[in-house]
Amino acid sequence: MDRSNLNSQLEHLQSKYVGTGHPDTSKYEWGVNQARDSYASYVGHYPMISYFAVAENESIARIKFNITEKMLQPCGPPPERRD
């Protein structure tokens with residue numbers, strides 16, 4: 001009984017939040033979700049962006065732009081699918 005309840009809760013979380021994955025999530029998809037979540041967190045926290053700006057000697061706007069660009073393909077191009 002506890003196991004079925006746990007599985008239903010897990011399925012609910014996986015349907016509600018994309019980043020939690022599912023049994024068919026590939027290693028590439030998991031890495032992309034993790035990288036995008038990290039980048040979104042960096043952009044959302046001003047102290048982190050200002051730290052990156054000082055460390056890279058760039059403006060805050062340039063750092064936000066670079067991080068946003070990295071979100072497009074954070075782990076490189078997707079691997080070829082085998083049918």
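Note that residues are indexed from 1 along each chain, following the sequence as it is written. With pLDDT at 70 or above as the cut-off, local features in this predicted model cover only qualifying residues; side-chain atom pairs require 80 or more to be listed or tallied, and sums for whole chains, interfaces and linings still use all residues. Hydrogen atoms and water are omitted, and side-chain values are computed over all heavy atoms in the structure.

**Q** What is the right way to read the environment of Thr 20 from this model?
**A** In this text, helices come from DSSP runs of H or I with a minimum length of four residues, and strands from runs of E with a minimum of two, each type numbered from the N-terminal end. Along the polypeptide, Thr 20 turns up in the loop between helix 1 (2–16) and helix 2 (27–44). Residues Thr 20 and Arg 3 lie 17 residues apart in sequence; the distance between their C-alpha atoms is 19 Å.

**Q** What am I meant to see in unusual backbone geometry here?
**A** Of all residues except glycine, most have a negative phi; of all peptide bonds, most are trans. In this structure, Asn 57 takes a positive phi of about 55° despite not being glycine. By the element assignment, Asn 57 lies in the loop between helix 3 (46–56) and helix 4 (60–70).

**Q** Is there a simple way to think about the environment of Phe 65 in this case?
**A** Note on placement: Phe 65 falls in helix 4. In sequence terms Phe 65 and Val 43 are 22 residues apart; their C-alpha atoms lie 9.3 Å from each other.

**Q** How should the packing of aromatic side chains be read in this particular structure?
**A** Aromatic rings in a pair are described by how distant their centres are and how their planes are angled relative to each other. Pairing of aromatic side chains requires ring centres within 6.5 Å, counting the rings of Phe and Tyr and the six-membered ring of Trp. Pairs whose planes differ by under 30 degrees are stacked, by over 60 edge-to-face, and all others tilted. Applying the stated rule across the entire model yields three aromatic pairs. Geometrically, the ring pair formed by Tyr 39 and Tyr 42 is edge-to-face, given 6.2 Å between the ring centres and 65° between the ring planes. Linking Tyr 39 with Tyr 42, this pair stays in helix 2, spanning three residues, or about one helical turn. Here Tyr 42 falls in the partly exposed class, since its relative accessible area comes to 26%. Each member of the aromatic cluster is reached from another via a ring pair, and the members are Tyr 39, Tyr 42, Tyr 51 and Phe 52. Each residue is placed in one exposure class: buried if its accessible area under a 1.4 Å probe, protein chains only, is under 20% of its type's maximum, exposed if it is over 50%, and partly exposed if it falls in between.

**Q** Just to check I follow, could you spell out the packing of helix 2 against helix 3 for this structure?
**A** Helix-helix packing: each pair is described by the crossing angle between the helix axes and the interaxial distance. In this description, a line fitted to the C-alpha atoms serves as the axis of each element, helices being fitted only across the stretch in contact, and the angle between N-to-C directions of two axes falls anywhere from 0 to 180 degrees. Two numbers describe how helix 2 lies on helix 3: the axes approach to 5 Å, and their chain directions differ by 95°. Relative to helix 3, the element helix 2 lies roughly perpendicular. Contacts between helix 2 and helix 3 involve Tyr 42, Val 43 and Gly 44 from the first element and Tyr 46, Met 48, Ile 49 and Phe 52 from the second. Think of it as three bins: nonpolar holds Ala, Val, Leu, Ile, Met, Phe, Trp, Tyr, Cys and Pro, charged holds Asp, Glu, Lys and Arg, and polar takes everything else, Gly as well. Across the contact of helix 2 with helix 3, the residue classes break down as six nonpolar, one polar and no charged. We call two directions roughly parallel when the angle between them is under 35 degrees, roughly antiparallel when it is over 145, roughly perpendicular when it lies between 65 and 115, and oblique otherwise. Contacts are residue-level and defined by heavy atoms, with any inter-residue pair within 4.5 Å sufficient.

**Q** Sorry, what's going on with the packing of helix 2 against helix 4 here?
**A** Closest axis-to-axis distance for the helix 2/helix 4 pair is 9 Å, and the angle between their directions is 160°. In this view, helix 2 runs roughly antiparallel relative to helix 4, as classed from their interaxial angle. In this structure, the crossing between helix 2 and helix 4 has a hand that is left-handed. The residues of helix 4 that touch helix 2, namely those facing Tyr 39, Tyr 42 and Val 43, are Lys 64, Ile 67 and Lys 70. Grouping the amino acids of the contact of helix 2 with helix 4 by side-chain chemistry returns four nonpolar, no polar and two charged. Two helices crossing with the near one rotated counterclockwise from the far one by less than a right angle form a left-handed crossing, whereas a clockwise rotation gives a right-handed crossing.

Function cannot be inferred from these measures alone, as they are strictly geometric.
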